[in-house]
Amino acid sequence: MTAVAPGEMSTTVLFPSPTPGLLSHHTERSNERTLKMQGLFRLDEERSQRKIVISRRKRWHPLGHYLHHLHYFSTDSPVRFMMYSEAAAAFISLHSDNTVCLYKGVDHKQTLMTELPFLGLTATKIPGCLVGWGPGPVCKLLDSELRLVKAAADALDIHVCKPAEHSWDLVTAGVGNVCVWSVVLMRCKVKIQDGLQKHGTITCLTLAPPRPDRPHRAFVASGMVVTVVDLDEGRILDHMIKVCSSNITAMEYCDQLDCLIIANQKLSIKVWGPDWALRVTFKGHDDVVNSLFFCSKLNMLISSSADCTIRTWNLEECVAVECVQTKQENSQLHIGGTKEGDIFFSFSNTGVDFWTIRTVYNLHCKLSEDKGAPLRQIQVSNFSPPYPTRLLCLSSDSHISLLAAETGAILTSFKANDRILCADYCLHEEILLALTEAGTVLQVNTLTNPMTLMQEWKDRGQGPWNRAECYHPQYQTAPGPACCLVIYSCLADKQRALEDWRRLQEGRGSSHRNNRELSDAKNKFLVIIGQNGGCVSVLTIDNGKILLRTPAHMGLKVTALQAYPENSYLLSTGEDLTVVVWSVYPDSERCLIQHLTVVCNQPQVYLAALRSQLAMTFQEPNSGSYILKLSSLLNQEEADYLPGERHSDHFTGLCAIPELNVFVSVSLDKTVRIWNEENRLIRRVELEDVPQCLAYSGHAGELFLGVRGDLYRLRCAQFLPKDYRERLCLTYEAEPLPDLPIPETKETYKLTKASKDQAKKLQAVINNQLMSGDVLQDKDKLEILNMDLKALVEGAVKRKKEKFPSTLQTRKEAFGHYMNKIYGFSTIKKVNLDDIFDPDEFSFNNEMKYIGPRFLPKLQKDVRPQPKQDIPVEVKKEKQLKQQKKKTTPVAVVKVTPQPPEKVKPKKPPRMKKTVQVEKTEKPQEIIVLIEQPKPKTPGPRIPSPLPQREPSSEVPTFLKQFADIKWFNDIYPVKKSIPSNLSPEEFALQLLKYLQTCSSTMKIKILAAIRALHSQGLLHDTSKLYTGLINSLHQFIRPQMTPLNCTVIVDALNLLVRLQSKISYDLVKILLTLLAFKQLDLQKPILLLLGALGVNEAEQWLWPELESWDSELQDQTNTWETLHDRADCWIESWISKFKEHNRYLYLTSTEKWKPPTFSAVDVLNYFCFVQREEHFKITRGVPGRKNTVLLPLHDWHVKIIVM
């Protein structure tokens, strides 16, 4: 097979007039061009239009996303028909001499002794069965060995046959007829003949599945006429006579795009919409198109022609993808394939070819809807475990998404009101910084879903220069707004950084955060911004305080920044056509020092560094020059490049792969190019779409691409040279860690009016006028104090560390510090928290001294509640034991030595029984402060009891406390405070179901027991999602070789399913029947017991013998479970039909009023057992030799099934 494209391949596309300019060299214009091409598919032919033929010669690159030849088989007899049979697990070809060949895999051919005169074969949904049809009125049901099972008696002429996707029916068409067949009964359900005889033999047939607004339809073609048939009503909807100007040769329906594809003898392929509006016309074949095949998985149309070529077309983009010249020399070339689209075949009179499509890149995450805004930036946060790898994706519509790199799941997202230029993500601090077009830096909390805005830093670094910063005359103009941003992370204490990060995970889902947590003496996180006017500024990550400003790039705009903390340097590019290398010293006051300047003499578009080597891209659209240059940072030597290896259009991205010492570039020419350290092209990969941006995943040579606004993963290691693949094998790849999405946050944290007013008041301080550190420090302390007090009142304060156990000594110290802070009392001398007294036995002197309170600095809001006036006096009192019947109130007796107070005369309190003597003296006195505790509600003496143990978190739902000490619970929630307070039992059960997919078998048993406990406690009210998810999980748990522990998991899951819903579902019955037939699992005994508990009578005697032979009758042992499950599906459907017929017979033989029968799967199984028992009794009662024996009919008057 030679993969070349002879001649030119043309694509005719319909444009509205006037035609927009599509050949733009600018990046934005090129993106618009792509979007316009995407929209061409929906154009209406009735609009004014003119045809534009885009001709180009396709060059074949074996590493692209194209057809790849697998194997060729020659044939002795011409192939008449070919298809793939799931029943035989092989491709089957019918030849003109009625011989049959089987192709198992793509490299093994077997010629059968059986001869089949059929015109074609069609697969059915009955496991192990096919239908052979034609020529003439022939329609027969065959088994997997192509033996006759049943023949249809009332068939009409059949020329083509197609299976219905949504049902078990088949649709046939021939001379003047279209029929719908029931495969189970092998009977014709619908016959349509009126209006079809005049058009002759039907040569093409394709089906459109039903929709809510449209019935099940068939499109049949005879000559130049297309007839639309309603298969549900059995009538003709329309005759389309002017669709084609020549005879139709092939026809296919695309359900995804709701269009009909028709090929005719004039060498064109036309695509029609649902209203018969011509969408697009493809031309390129040099001879008649014989067949069409649409692969829904790849959204690709494949056509074969008499010119012995196979061409692929992208319907959605309206472009021709590829042309492949085959070895076939006969004009009758046809194409087909499997439903999955993994294997394709082409055949002619001389042989059979097998093909596959190489998939270089796959969709990793769908970010945009209906091809929205393109991706502008992809950033990978890759750190060694236990940190998860995450992706930051920025779209051109200012939508930011944070993803789990391994699974592609969206963890959280953020939508800004202003246009975002760039963004950066700090994983250790869970902070995202986004830079708007106006130069404002947005500090965003990534622990909530969606992300919440914490602060806005406006006009950072835009104050005028002073002599301490810059004395050069060209920097007299103040720097302008920020235009690029990067976060520089320096981890001096990695263990502490990990502990802080885990502590932050406790607040997942909570919108309140304290910026005080972002400050760390050892681990530094610097925010570096590049500004207009040639300035690079360093800010703190907690509040955006300016640490340093330094001039750069000769007073011109700083265009890009890149940080490399592993090598302790920073790169910046500017409009002065230079690249500056900065040495970074995070612990120094002068944290940024210019180290090296690389003069480029051309504007750089993208740059990337690999240790001491720098890669830069340059482009000159006028001259068509798009160059990648490599320069050494040690000696500034440049590596030579070959002109023939460079890109042919604008660059869209550049990155480095450290494990391989290579650079990767992408361009608008739809190619990915990999370069070695010597600037030589290693590999070039052609894509079907324009890559919008690029990033390296951090391991295994995987790349992330932005394509059509979505995220794609490209595994470039598979097509690298052998020595590069060996390097990847030597690198350690840790097992990916689970990274669950953040719970949706209902509350949102926005900048309040008070904080905005305060920001205005501090504008002069923050506006980069270098003020003293003391003033900034005082302002910061006041902000932090107010935020802490506000959080304390709202109850949003969370401890960083576990609380120490409370003791008598700690309570003494705490109370002493409290009295000292509030009233200025000296150190506590005595604390007695166990004293008990009766307030009725005390009286106060009406003449006492009052101590004025100490005034604290005035806050913006008084968050401390006003205390009641407690008058301190000196009281001589002894402890007395109280009687049990008296009301008691515990008090705390505190002896302090205050300053001499002034005399006051308060009113005499009521109910005074005793007078307490107070000695007047001028010396400092010891004062006992009596603090009343709440009175108990019930009479009797109060007995001190130990304080209750503090719960791990007051927000943890009550129903979760029963699982708090179990290992699997700690695995799911390693931090208890990260559990949402509004978590419902149903949501928790669904989380357990997700955890069930990855845990061990022992843990699965415990998880199932936990779900069963929640259900038995009446906490699970809506179990529909849990029921469906558990049934889907069962298919994943079952495999041919299972340990006894795995079997226990299956049995426990089945028991749980029975508990969750009282009425057994048909899906569960199919699973039970499949497990009963799967003898290798040895689960027959528990399944029979379970069926008996569900109400199936005598299952072991009548049901088990029916299923016992299924396992041994399998032809394909590679996928036993799915084959048996399909057969169980067919079996239960057939007996449902028989049970309905039985109910209909009972109605006809009774005088009762008809009521629609309602029955369950258990009733169907009981009916089967009843039929088997009656058949057995009929055989045993019919003893030979007795002439007076009467055989009763199956529907006995005296034996009826009671349908509940």
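About the thresholds
- Residues numbered from 1 in each chain as written.
- Predicted model: local features only at pLDDT ≥ 70, side-chain atom pairs only at ≥ 80, totals over all residues.
- Heavy atoms only, no water.
- Helix = DSSP H or I, 4+ residues; strand = E, 2+ residues; numbered from the N terminus.
- Buried < 20%, exposed > 50% of the residue type's maximum accessible area, 1.4 Å probe, protein only.
- Contact = heavy atoms within 4.5 Å.
- Areas by Shrake-Rupley, 256 points an atom, 1.4 Å probe, with all protein chains shown as cover.
- Pairing = 2+ DSSP bridges.
- Axes fitted to C-alpha atoms, helices over the stretch in contact; angles between N-to-C directions.

S.K.: Got a sec to walk through the overall build of the protein? Specific residues and values, please.
M.R.: From N to C terminus, the protein includes 17 helices and 64 strands. Within the span of the protein, comprising 1204 residues, buried residues form 49% of the whole. Sequence separation of at least 24 residues holds for 57% of the intrachain contacts in the protein that already meet a minimum separation of 6. Accessible area for the protein stands at about 61100 Å²; split by element, carbon and sulfur atoms hold 51% of it.

S.K.: Please provide a residue-by-residue account of the pairing of strand β45 (residues 569–574), values included.
M.R.: Within β45, six of the six residues are buried, which leaves it mostly tucked inside the rest of the structure. Residues of β45 alternate between two faces, with Tyr569, Leu571 and Thr573 on one and Leu570, Ser572 and Gly574 on the opposite face, all of them buried. When strand β44 (residues 558–564) meets β45, the two strands line up antiparallel, connected through six bridges. What sits directly across from Ala563, in β45, is Leu570. The hairpin formed by β44 and β45 contains four residues between the paired strands, and Ser568 there has a positive phi angle of roughly 60 degrees. Here β45 runs beside strand β46 (residues 578–584); their pairing, made up of five bridges, is antiparallel. From the neighbouring strand, Tyr569 faces β46, where its bridge partner is Ser583. In this structure, the hairpin formed by β45 and β46 is closed by a connection of three residues, where Leu577 is found at a positive phi of approximately 65 degrees.

S.K.: Report on the environment of Phe345, specifying residues and quantitative values.
M.R.: Relative to the elements of secondary structure, Phe345 occurs in strand β29 (residues 344–347). For the pair Phe345 and Tyr72, spaced 273 residues apart in the sequence, the C-alpha separation amounts to 9.7 Å. In contact with Phe345, not counting residues within four places along its chain, are Met82, Met83, Phe91, His334, Ile335, Gly336, Gly337, Asp353, Phe354 and Trp355.

S.K.: Describe the sheet that holds strand β17 (residues 217–222), and please don't skip the residues or the numbers.
M.R.: Pairing in this open sheet of four strands is antiparallel, and the strands run β16-β17-β18-β19 from one edge to the other. The strands lining the two open edges of the sheet, one partner per strand, are β16 (204–208) and β19 (235–240). Across the sheet, the axes of successive neighbouring strands diverge by a mean angle of 20 degrees, strand direction being ignored. Note that β17 and strand β18 (residues 225–230) share six bridges and pair antiparallel. Its bridge partner being in β18, Ser222 is matched across the sheet by Val225.

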